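So the chains spell out like this:
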Amino acid sequence: EHAHLRDAVTRVRASADEVRLARWQHRRKDGSLFWVDTVSKPQQSGDPLVRMVLINELTDIVKAETQVADQARFLETLLHALPLPVFYADRQGRYLGVNPAYEALTGIARADILGKTPGECLPAELAHGVQGNFPLEIQVHIFHQVNDNH
């Protein structure tokens, strides 16, 4: 069970790398798992070269990272499921994301939109409708297609 850990320790001991960083999942005596970050640096201590190792428990941080990633996946799934064209942008008006309906409306692929402002990637008549000041950290715009045959 601990063979992978012994192999990793052997590789670190044999390494002449100045500093090594690693994220590990360990098991407590009670069987529960916890995450740690390790930083190790070689130190000369007499004849043998030893490694000073600093360990920082990350269980709460990894849990928070997982929750944020789950929320981001949910929002991405939700945006992609919406039939209306939607984009979101940062304060400078640079696209952070678009849904497939927005790509279909503009005729421009997501990869050609992200990181740009509407003025940099859209035709002038469409860019004018979406440009403006972006007072929020993230602002979401939903475009309604207007039917000329009211």
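Note that the structure is predicted; figures quoted are calculated from it, not measured.

Rules used throughout
Residues numbered from 1 in each chain as written. Predicted model: local features only at pLDDT ≥ 70, side-chain atom pairs only at ≥ 80, totals over all residues. Heavy atoms only, no water. Salt bridge = Lys/Arg side-chain N within 4 Å of Asp/Glu carboxyl O. Helix = DSSP H or I, 4+ residues; strand = E, 2+ residues; numbered from the N terminus. Buried < 20%, exposed > 50% of the residue type's maximum accessible area, 1.4 Å probe, protein only. Phe/Tyr/Trp six-rings, centres within 6.5 Å; stacked < 30°, edge-to-face > 60°.

Novice: Let's hear about the pattern of salt bridges: which residues, and what values?
Specialist: Opposite charge on two side chains makes pairing possible when the charged atoms of those side chains draw close. Scanning all chains against the criterion turns up six salt bridges. Two residues, Asp-37 and Arg-23, come together in a salt bridge whose shortest N-O distance is 3.7 Å. Highlighted residues: Asp-37 in strand S2 (residues 33-44) and Arg-23 in strand S1 (residues 20-27), separated in sequence by 14 residues. Of the residues examined, Asp-37 reaches a relative accessible area of 28% and is grouped as partly exposed. With a closest N to O distance of 3.6 Å, Arg-110 and Glu-103 form a salt bridge. With relative accessibility at 24%, the residue Arg-110 sits in the partly exposed group. Through salt bridges with shared partners, a single network forms among Arg-23, Asp-37 and Glu-65.

Novice: Break down the packing of aromatic side chains for me, with residues and values.
Specialist: Within a pair of aromatic rings, the relevant descriptors are the distance that separates the centres and the angle that separates the planes. Tallied over the full model, the rule gives three aromatic pairs. Summarising the aromatic geometry, the rings of Phe-87 and Tyr-95 are spaced 4.8 Å apart at their centres and angled 65° between planes, so their arrangement reads as edge-to-face. Each ring, one from Phe-87 and one from Tyr-102, has its centre 5.3 Å from the other, and the planes form 50°; the classification is tilted. Remark: Tyr-102 occurs in helix H3 (residues 100-106) and Phe-87 occurs in strand S4 (residues 86-89); sequence separation between them is 15 residues. Here Phe-87 falls in the buried class, since its relative accessible area comes to 0%. For Tyr-102, a relative accessible area of 1% translates into the label buried. Put simply, the rings of Phe-87, Tyr-95 and Tyr-102 pair up and form one aromatic cluster.

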